Amino acid sequence: PTAFRAPLYPLLIALLMRVSPIDWPILLRTLQFAASIATALICGELAARWCGNDYALPSQVIVLLFPTTLFFSGEILTECFAALLVVMFLLALEIALKNRKTFSLAMLGILAGIAALERFNMLPLIPFAALATLVYGLKDTVPWRRSAVVLISGTFVLAPWLIHNEIAFHGKASYSTHGGFAAIEGII
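What you see is a predicted model; the values in this text were computed from it and never measured. (Residues numbered from 1 in each chain as written. Predicted model: local features only at pLDDT ≥ 70, side-chain atom pairs only at ≥ 80, totals over all residues. Heavy atoms only, no water.)

1. Some points on the nonpolar core
Of all hydrophobic cores here, the largest spans 26 residues; its most connected members are Phe89, Leu93, Leu108, Leu125 and Val150. For this core, the secondary structure elements donating two or more residues are α5 (79-99), α6 (102-118), α7 (125-136) and α8 (144-168). Ile13, Trp24, Leu28 and Cys43 belong to the second largest nonpolar core, which has 16 residues in total. (Core = buried A, V, L, I, M, F, W, Y, C linked by side-chain atoms within 4.5 Å. Buried < 20%, exposed > 50% of the residue type's maximum accessible area, 1.4 Å probe, protein only. Helix = DSSP H or I, 4+ residues; strand = E, 2+ residues; numbered from the N terminus.)

2. Examining the pattern of salt bridges
Tallied over the full model, the rule gives four salt bridges. For the salt bridge of Glu45 with Arg49, the shortest nitrogen-to-oxygen distance reads 2.8 Å. Here Glu45 and its partner Arg49 are both found in helix α2 (residues 24-51), four residues apart, which amounts to about one turn of the helix. Notably, a salt bridge pairs Glu79 with Arg119, separated by 3.6 Å at the nearest N-O pair. Residue Glu79 is found in helix α5, and its partner Arg119 is found in the loop between α6 and α7; the two are separated by 40 residues along the sequence. Taking the relative accessible area as the measure of exposure, Glu79 reaches 22% and is therefore partly exposed. Look at Arg119 and you get partly exposed, because its relative accessible area is 21%. (Salt bridge = Lys/Arg side-chain N within 4 Å of Asp/Glu carboxyl O.)

Taken by themselves, the reported measurements are silent on function.
Now the structure itself:
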C-alpha cells in the first residue's frame, strides 16, 4: 500500500480495469467527459445564483473552453474530477450557509472529505468549510456546532485513509508520503 496518491482516483481506475480490462481507458475518458459537462452546468448554476441568469450560459461556455475540461478530459489525470468536486463544494457551501440545516452542513463536510480523497491539495477544504460556517454563523447562539458538523463529517470520510496510513507506514505518514517541496507543491 502507498500513500503517494490520494486513494479515490486509483480506486476508480482499478474498478474500471476490473469492469472492462480492455476498454477501461475509454470508460474513464467518458466519465471525465461527463465530469467536464457537469462542471460547466454547475458553474452555470453558480453564475446564475451569484450574478443573475444572463451569466449562466457564458459561464458554461467559458468553463468548457478551460484546459481542465477541454484538454484533460482526454488524459488519464485527476483534473476533471478535481474541477467538478471544487464547483460542487462551492455550491454545497452556498447551500449550507444559506439554510444552515444539519444535513446540508454534513453533506458539505462529506463532499470536502471526498475531494481530499481524490487529490491531496483538497484537504484544506475541510477546515475552510468549517471556518466559513463558523464565521457566517457567529450571530447564532452556539456558532461552533455547525462548524463541528462540517469538520466531523469531513474527518469521518478521511478516517479510513488515515487509519490505513497509520498501519501501513507504522506512524511515519498520516495523510500523504509527500514531504518537503513535494508537499508544498501539492498543496499549492
